[in-house]
Amino acid sequence: MATPVIIETRGLTKRFGDVQAVAGVDFDVHEGELFGFLGPNGAGKTTTINILTGLARPDSGEILISGINCAKNPKAAQHLLGIVPDESNLYPELTGFENLCFCAALYGMRKTERQTRARELLDKFGLADAADRRFSGYSRGMKRKLTIAAGIIHNPPILFLDEPTTGIDVVSARQIRQLIKDLHRAGTTIFITTHYIEEAERLCDRIAFIVRGRIVQTDTVANLMQPVRGIHSMLISVSNSGANLCGELAAAFPAHNFYSVSSEQIRVESAEPVSVGPIVRFMEDKGVEVSEARKLQPSLEDVFVRITGVEADAMRKEKEKQGGGV
Amino acid sequence: MKRWTAFWNILLKDIRAYYLKPPNISWGIIFPLAWTGMFFIKSGGGMQNLLSLLPGLIAISVLFGTTSMLAVTITFEKKSRSFERLLLAPIPIELLMLAKTTGAILFGVANAFVPVVMASFLSDMSGIAWSVLAPTVLLIAISSTFLGLFIAVSVSEVFEAQTFSNFFRFPMIFLCGLFFPIQQLPDWLQPLSYILPLTYGADALHEAVTRAGRLPLYLDILALSGFCTALFILSLRNIRRKWVT
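Everything numeric in this text was worked out from a predicted model, so none of it was measured.

Rules of the game
- Residues numbered from 1 in each chain as written.
- Chains lettered and ligands numbered in written order.
- Predicted model: local features only at pLDDT ≥ 70, side-chain atom pairs only at ≥ 80, totals over all residues.
- Helix = DSSP H or I, 4+ residues; strand = E, 2+ residues; numbered from the N terminus.
- Rg over C-alpha atoms; globule rule 2.2 N^0.38 Å.
- Buried ≥ 20, exposed ≤ 12 C-beta atoms within 10 Å, placed from the backbone.
- Contact = placed C-beta atoms within 7 Å.
- Nonpolar A, V, L, I, M, F, W, Y, C, P; charged D, E, K, R; others polar.
- Pairing = 2+ DSSP bridges.
- Axes fitted to C-alpha atoms, helices over the stretch in contact; angles between N-to-C directions.
- pLDDT = per-residue confidence, 0-100.

1. Regarding the overall build of chain B
Check the secondary structure of chain B and you find 10 helices and zero strands. Going from the N terminus to the C terminus, chain B shows its helices and strands as α-α-α-α-α-α-α-α-α-α. Against the globule reference of 18 Å for 245 residues, chain B gives a C-alpha radius of gyration of 18 Å, in line with a compact fold. Dimensions along the principal axes, computed over C-alpha positions, put chain B at roughly 55 × 40 × 35 Å. Taking all 245 residues of chain B together, 45% fall into the buried category.

The following block contains the structure:
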C-alpha cells in the first residue's frame, strides 16, 4: 500500500521576465519516498525547489507539504524541511562544529541538544577530525558533506537535495550516495535533483523528467526502463565518422538505427541482436578505422535521451564546466 | 522561545564573526579618534571648544560604523548565498532582520562612546544630559543601521554597497546641521536637511551636550523613530520583493 502523499504540487508556474521557468508542474511525493527530479540545465529544477522551500513565490499553483498550504504561507512548513542547495553555502569563518551548531540554533534546538547532534553528524559524515577547522579550509567533498549534515541537523522528515554530488571527487560522491541511502532507509522523504542519471537510477524510487518547465514523465525506475528493455545497443568508436556514415550504415543495415554521438562515436540500436563483424567490415571498407565496439546495457540514460532529446553526457559536461556547484 | 533561540544565535554569530574581529575593533576605535583629532585641530579652539564638536563626532562615528558594517556583511552573505540559509529557517523575516541588525546597532552605540570617553579625559562633562544623550545615540544607531539595511537590500555587490553608502552619508554629514547650522545653508537646500534622519539626531545631540537644540526634543525623537520604522518597513518590503522572488 502506498504511503500518504507528503508533497503535492498542482499547476505550479513561475516566470522570470520572458522566461517561463516552471510551466504547470504537477507531482506527488509520498512519505518515505526517494523522488528524483531530472532535467537539463535551465529545465526548472532549482526554481521548483526554491518554490517548494519558500525561497521563491509561484505565480500560480498549489503546494501542500504535510497538508500545509505553502503557496499561501511558505514559512509554515519550513520547520519540516531540510535543504541542501546546489552550492555549499555555510559560513567560511566558522568551524565545521560551529556551523552545525549555528544551523541547529536556527531551528530552535537547545545548546546541549545541538552540540550532541553536531558531534553525532560529524562522526557519521567522517568529519570529526575536521570539526574544529574552518569551513573555508575544507575540501569540496568535505564542504558538500558538511552542507548535507547542516541540512539534516534538525532531523527533518523531508530533505531537498539539489545536485548533491556535482563537482566532487569519486570517493566523496560514493560516501554521499551511501549517506542518502541511509537517510532513505531511516524513513526520510528525499527530493533530489541530479545531473548524474545513473545516480538517480541507483538511488530513486520514482523519477520525474522535467524539460522547459514541464514534467514530461513521472514513474518508477522499473516502469521508465520498460521501453528500452528489449533494445540492443552498441557504441562504436571510430577514427572519424565522416559526414554521412550513419546514413550509409542505415542503408546497408536497415534493421538497425545508427546515431552519431560525436565525430568519433556511433551508437547502434536495434530490436534484434547486433552483429559487430559486418558493421566493422563495412566501415573499414569505407576507410573508417574502428578502435572499439562495446555492447551497452539499456539504461535510464537511454530513456532520458528518448524523452527529453537531451544528450545526458553533454548535460553533465555543461554542468561541470559551470563549476560543479560546490 | 525557539524563535528567540534563533535570534540570539544569529546575533552572537554576527558579533563573533564580524564585529569582534580585530580589524573592525580597530576601525571602531581609530575612526572616531581620527575624526576627533581632525576636527579638534581644524576648529583651532581650546579644550572649551571640545564639547561643541562632540555631537558631530558621535553622530559621524555611529553613522559610518553602522552603515559600513551592515551594508557590507549582508551583501557579502547574500553574495555567498549563506543568507539563503537564514531565509530558509522557520523564523519570521521581521525577527531575522532584527537579529541581523542588532549587532550593527550595538557596534554603532559602542562607536559613539569612543569620542565620549576621550572627551571625558579632556573636558568637563558634568553639563551633559545623559538621559537625552543615551536614547538619542541609540536612535541614531538604529536609523543608521536600517539605512545600511536599505542599502544592502538595494545592491548586489560589496563594492556597490560602499559606493551607495557614501551617496547617502557624505551629503547627510554636511546637510544635517552638525558642523554648519542649517540656517546657514542656501534656502533651496534647507528643506533637504529636514528629510534626513541625522538632522534630528544631530539636533537632539546638540541639546544633550550643549543645550543648543533648535527643534523641540520630542520632535527629534519622534522624527528619528519615524525614520527607523519607515526604513525597516521599506527594507523588509524590498527583501520580500527582491530576495524571495
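2. Quick notes on the overall build of chain A
Along chain A, the regular secondary structure elements total 11 helices and 14 strands. C-alpha extents for chain A along the principal axes are approximately 75 × 45 × 45 Å. Going through the 326 residues of chain A one by one, you find that 44% of them count as buried. Long-range pairs, those at least 24 residues apart, make up 70% of the contacts in chain A between residues at least 6 apart in sequence.

3. Comments concerning the interface of chain B and chain A
Residue-level contacts link 19 residues of chain B with 22 residues of chain A. Sorting the residues of the side of chain B that touches chain A by element identifies α1 (2-19) and α4 (82-87) of chain B as the ones contributing at least two each. The dominant element in the side of chain B that touches chain A, judged by the number of residues it contributes, is α1 of chain B, at seven residues. Split by residue class, the side of chain B that touches chain A holds eight nonpolar, five polar and six charged.

4. Topic: the pairing of strand β4 (residues 60-65) of chain A
All names here are of chain A. Summarising the sheet, strand β1 (residues 5-16) and β4 pair through five bridges and their orientation is antiparallel. Looking across to β4, one finds that T9 is bridged to I63. With two bridges connecting them, β4 and strand β5 (residues 68-69) associate as antiparallel partners. Its bridge partner being in β5, L64 is matched across the sheet by N69. Hairpin connection of β4 to β5: two residues between the antiparallel strands, including S66 at a positive phi of 50°.

5. Section: the sheet that holds strand β7 (residues 158-162) of chain A
Residue and element names in this part refer to chain A. Here we have six strands laid out as an open sheet, ordered β6-β7-β8-β3-β9-β10, and mixed in their pairing. Edge strands, defined here as strands with exactly one partner in the open sheet, are β6 (81-84) and β10 (214-220). Here the average twist between neighbouring strands, direction ignored, is 15°. Where strand β9 (residues 206-211) lies against β10, six bridges are found, and the strand directions are antiparallel. Looking at β10, one finds that F209 is bridged to Q217. Along the sheet, helix α5 (residues 170-185) contacts β3 (34-38), β7 and β8 (189-193); its crossing angle with β8, the most-contacted strand, is approximately 150°. Seen against the sheet, helix α10 (residues 300-308) touches β3, β9 and β10 and runs at an angle of roughly 35° to β9.

6. Brief notes about the confidence of the model for chain A
The pLDDT averaged across chain A works out to 88; a share of 94% of its residues lies at or above 70. Put simply, helix α11 (residues 312-321) of chain A is where chain A has its lowest mean pLDDT, 59, and helix α2 (residues 96-106) of chain A is where it has its highest, 97.

7. Here we look at the sheet that holds β5 of chain A
In space, the four strands of this open sheet follow the order β2-β1-β4-β5 (chain A), with antiparallel pairing throughout. Sheet topology places β2 (19-30) and β5 of chain A at the edges, where each strand pairs with a single neighbour.

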